[in-house]
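Given next are the chains, with one letter for each unit.
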Amino acid sequence: MSPISQNSGKTSNMEINIKTLQVTAVESAVSVDANSTPPVSEQVSVDTLQQVTLIEMVGDVDASTAPLVQQQVLPLAQPGAKILLDMSQVPYMSSAGLRMLLSLYRQVAAKNGQLVLVGLVEQIKDTMSITGFLDFFTTRDTLDSGLETLNVQLQVLPT
C-alpha cells in the first residue's frame with residue numbers, strides 16, 4: 001500500500017497507525033450500442049480519485065486504552081469519510097472498546113461516511129455478535145475485501 005500520510009500514536013499497550021490511502025472509486029455503467037448487430041453492451045468504469053483512511057490498531061482495547069483510541073480516531077469521522085479499521089492485531093476488546101466502536105460508527109454514519117471493520121478475531125466477533133454490536137458494522141476479513149466494500153481500488157503509484 002502507498003500511504004500519502006501517516007502518523008502513529010502509542011500508548012502503554014496500544015499502538016495506532018493512521019494512514020491516508022489514495023484510491024480510485026470504481027463505478028460501473030453499462031453502455032449499449034444499438035447500431036451494431038447484434039447490439040453490444042459493455043461496462044464502462046468511471047474513475048475518480050478519493051481517499052480512504054486506514055487505521056491500524058495493535059494491542060488490547062480496554063478501559064485504559066479506549067479513551068486514547070477514541071481521542072485519536074473520532075476526529076477522523078469527517079463528512080463522507082471512508083474508514084477502514086484494521087483490527088487484525090487487536091486480541092482483546094473490553095466493553096469500553098465496544099462503546100468506542102459504537103461511538104465511531106455513530107459519528108461516521110451521521111456524517112454520511114462509511115466504516116468497515118477488518119480482520120476481527122473470533123473472540124471479538126463473537127462478543128460483538130452476542131451483544132448485538134455486530135449488526136451495526138460492516139466487517140470483512142481482509143483489507144482488499146474492505147476496499148472492495150468501499151467500492152475503491154488502491155492506486156498503484158509509479159516507482
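Residues numbered from 1 in each chain as written. Predicted model: local features only at pLDDT ≥ 70, side-chain atom pairs only at ≥ 80, totals over all residues. Heavy atoms only, no water.

Another point: the overall build of the chain. In terms of helices and strands, the chain carries four helices and seven strands. Along the chain, from the amino end to the carboxyl end, the secondary structure elements read β-β-β-α-β-α-β-α-β-α-β. Sorting the 159 residues of the chain into buried and exposed places 40% on the buried side. The contacts in the chain between residues at least 6 apart in sequence include a share of 69% that link residues at least 24 apart. (Helix = DSSP H or I, 4+ residues; strand = E, 2+ residues; numbered from the N terminus. Buried < 20%, exposed > 50% of the residue type's maximum accessible area, 1.4 Å probe, protein only. Contact = heavy atoms within 4.5 Å.)

On to helix H2 (residues 95-110). Along its 16 residues, H2 runs 22 Å from first to last C-alpha, staying within 8% of the 22 Å computed at 1.5 Å per residue. Taken residue by residue, H2 has Ala96, Gly97, Leu98, Met100, Leu101, Leu102, Leu104 and Val108 as its buried positions. Check the buried side of H2 and you find it contacts helix H1 (66-73), strand S4 (82-89), strand S5 (114-118) and helix H3 (122-131). Note on H2: the residue one or two positions beyond its end, asparagine 112, has a positive phi of about 55°. (Expected span 1.5 Å × (residues − 1).)

Among the residues of H1, Ala66, Val69 and Val73 are the ones counted as buried. End-on view of H1: buried residues confined to an arc of 60°, all on one side of the axis. (Arc of directions from axis to C-beta.)

Attention now moves to the nonpolar core. Core analysis: the biggest nonpolar cluster contains 31 residues, and Met57, Leu85, Met87, Leu101, Leu117 and Met128 have the highest contact counts within it. The set of elements that each furnish at least two residues to this core consists of strand S2 (14-33), strand S3 (40-59), H1, S4, H2, S5 and H3. The dominant element in this core, judged by the number of residues it contributes, is H2, at seven residues. What leucine 101 contacts, discounting residues up to four positions off in sequence, is Leu85, Met87, Met93, Leu117, Met128 and Phe137. Core analysis: the second largest hydrophobic core is formed by eleven residues, Leu84, Val118, Leu147 and Val152 among them. (Core = buried A, V, L, I, M, F, W, Y, C linked by side-chain atoms within 4.5 Å.)

Okay, the confidence of the model for the chain next. Per-residue pLDDT for the chain averages 83, and the proportion of residues at 70 or more is 74%. Note on residues 1-5: pLDDT under 50 across the span, and 18 contacts to partners over four residues away in sequence or across chains. (pLDDT = per-residue confidence, 0-100.)

On to unusual backbone geometry, then. Positive phi is not limited to glycine here, since asparagine 112 has a value of about 55°. Inspection of the secondary structure puts asparagine 112 in the loop between H2 and S5.

Along S4, six of the eight residues are buried, which leaves the element largely enclosed by surrounding structure. Where S4 and S5 come together, five bridges link them in parallel fashion. Paired with leucine 85 across the two strands is leucine 117, which belongs to S5. Of the crossover connections in this fold, the one passing from S4 over H2 to the parallel S5 is right-handed. (Pairing = 2+ DSSP bridges. Right-handed = clockwise from strand over helix to strand, strands pointing away.)

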